[in-house]
Amino acid sequence: MTSNYVPSTCPHDCPSTCALEIERLDASTIGKVRGAKDNDYTQGVICAKVAAYRERVHHPDRLAHPLKRIGTKGEGKFAQITWDEALDEIVDKFQEATAEFGAESVWPYYFAGTMGLVQRDGINRLRNVFGYSRLEMTICTTLPWTGWVAGTGSMWGTDPREIAESDLIVVWGGNPVSTQVNVMTHIAKARKKRGAKLIVIDSYRTPTAETADTYIAIQPGTDGALACAMMHVLFDEGYADLEYLEKYTDNPTQLRQHLSSKTPAWASKITGIPEQDIYDFARTYGQTKKSFIRVGYGFARSRNGSASLHAVSCLPAITGAWQHKGGGALQSNSGIYTNIDQTLIMASDHEDTSIREMDMSRIGAVLTNEEKDLFGGPPVKAMLIQNMNPAEVAPDTHKVLKGLARDDLYTVVHEQFMTGTAKYADLVLPATMFLEHDDMYKGGGHIYLQVARKVIEPYAECRSNHDVLCALGQRLGSDHPGFHMSAWEMIDQTLKDTGLPGADEAADMRWLDFSKTYEDANYLKGFSHPDGKFRFSPDWAALGDKEGKMPKMPDHQEVIDAASEKHPFRLVTAPARRFLNSTFTAMPSSIAKEQRPKALVHPDVCREMELSEGDLIRLGNEQGSVVVHLQPFDGLQKGVVIVEGVWPNKSFVEGVGINVLTSADRGYPNGGAVFHDTAVWMKAA
Ligand code: SF4
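Residues numbered from 1 in each chain as written. Predicted model: local features only at pLDDT ≥ 70, side-chain atom pairs only at ≥ 80, totals over all residues.

## Focus: the overall build of the protein
Per the secondary structure count, the protein includes 27 helices and 25 strands. Whereas a compact globule of 685 residues would reach a radius of gyration of roughly 26 Å, the protein reaches 24 Å, a difference of no more than 12%. Based on the C-alpha atoms only, the size of the protein along its principal axes is roughly 70 × 60 × 50 Å. For the protein, the residues scored as buried account for 59% of the 685 residues in total. (Helix = DSSP H or I, 4+ residues; strand = E, 2+ residues; numbered from the N terminus. Rg over C-alpha atoms; globule rule 2.2 N^0.38 Å. Buried ≥ 20, exposed ≤ 12 C-beta atoms within 10 Å, placed from the backbone.)

Listed below in structure tokens is the structure:
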């Protein structure tokens, strides 16, 4: 690294957590951003949106000063105030709400706008110390992780660097070209060196599918059926590793009986995939010992997402692919970091689990006082929102906006830009970006923990999440040490509490290797259940299935918002390549690439409806309707509509975005947002 490049880590909500090198031009200015070549996961490759980060950090629209609302909620009219005025007001309002309605009337709300352990999770310290309402973190990982743990018992899988040693890579319900580019680096190696094949399963022909040897277009929410039919063929045609099954799995005999009716013909009707294609896929998978399934998040964002993900995770247990170097599967490696002791950051030792925990995906229902979502407690009267933009990202936008517009709700939004949520705030506080503060990061898609120092000074009056939380904690009178130390001191103490090198040493090391041994990562000493067996019959009750709604064996769980005469299309709100949820939507180069919100619809459907490219169409359901431009696209089944990206509400013709249509229903068995499980009607606008 030349002297004007300094190390950092990408903090965004992406499993790659790339090791970065930032060109520092002076104390407040950056130039180029590139990936670290000597990190063997990043390998010098990062996505285009982060490579252009100087556009974001030096964007003229960044929030620069604390602002107080002077217009109506949502209008976006604010006046500049001082930090002291802002912090004093927050403390007054939180104390007033606590005195009148109890501490549960304050609801700190956040998610993964940054993935740093200090700057993301520190808000829990404020919550736990002062007894505010808790947040059920359902918006992203609940459905996939529940499905994965159901079978394996823990949250890890084959080391992703082993993709390079695979002969067949299956990217199932993910689009790494757009969302986790480093996966493609490792796939490219396997293809170049070993002639490995890439098969992509998705509900539309994504940029990743474009590069595949085989792309299989599936109806959204039917992945469990495809996995079951594959297993049927694997057993039927002798590709099942019976010895492995006997040693490592719970009840293969019963599974085989259960699968006898789950034929490719059966699955074809459900998935819309030709029967022969299912046979071909199953045989290719069965014939390849070193097969690696990179299990994505997309297909799990459905009411049946956990069941579908569990079914897919059964595949390497049928063929015994786990036993072969380059074989197995990975959903997330989040479980390899569980020993990191975040007690200090989150004041977890103060957490009172008797305090209500409200579902973040149901923020609309919570803020509009739907009784069951309040769990018998008071209405939410005050909020601090960090790292999250629920007015645009959460499901059921109309309800979320109705809640945020309540006159009796006091909302503080700590943000980098004037988002759709910030416009509804009483106070908007300017937040630092990752280059302007210290933090540490776990790589869910790989095996490294990284500690990153700040690279440049904060812009204007921006303050970090940690600094704001400390200021509030102190003003509210807490002597918790976490409110009286710098972010760097907190990183240092946390690492030492975990038995790791301190902050300075860890930062100088650049990344700490948390990888498991090959045997452990691939469960060769047994799966993480007491009997060491992979569960074809999960204990769903232990995973939250109170009503017994989950299938006893891998299956297609028929609980989705299926297409009907009234709502003949299935809508998937997939990620856009140059956005990450609503982050990056202010960047000129991202907007130039993404252009405008558009609906991808099969050309035959466009012809039948006499619609052409660029026409305005209206998509709707019981929750409302959204107007977007039409883009004929032949890379999907006829009943599927794709709208990529979480564009800001203001980017849509009528000023409300795609999450007007997505449901806040809880996925099975234990909640989770169902963003890709939406039946809609469509007509010319
Ligand atoms: S690929 Fe993901 S982790 Fe890497 S730079 Fe892009 S957003 Fe960040």
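Still more ground to cover, so stick around.
## Observations regarding the site of the ligand
Every residue close to the ligand is listed here: Cys10, His12, Cys14, Ser16, Thr17, Cys18, Ile46, Cys47, Val50, Gln180, Val181 and Leu580. When its residues are assigned to classes, the shell around the ligand shows eight nonpolar, four polar and no charged. (Near = placed C-beta within 6 Å. Nonpolar A, V, L, I, M, F, W, Y, C, P; charged D, E, K, R; others polar.)

## Some words on helix 6 (residues 142-152)
Of all eleven residues in helix 6, eleven are buried, a share of seventy percent or more. Looking only at helix 6, the buried set comprises Thr142, Leu143, Pro144, Trp145, Thr146, Gly147, Trp148, Val149, Ala150, Gly151 and Thr152. The positive-phi residue at the C-terminal boundary of helix 6 is glycine 153, with phi of around 95°.

## A closer look at unusual backbone geometry
Cis peptide bonds are those with omega within 30 degrees of zero, and the linkage from tyrosine 668 to proline 669 qualifies with 5°. Structurally, proline 669 can be placed in the loop between strand 24 (640-643) and strand 25 (678-684). Of note, the phi angle at alanine 460 is positive, near 45°, even though the residue is not glycine. Position of alanine 460 relative to the elements: it lies in the loop between strand 18 (448-452) and helix 22 (465-475). Exposure remark for alanine 460: the 10 C-beta atoms within 10 Å place this residue in the exposed category. Backbone geometry places asparagine 581, a non-glycine residue, at a positive phi of 50°. You can see asparagine 581 is positioned in the loop between strand 20 (569-572) and helix 26 (588-594).

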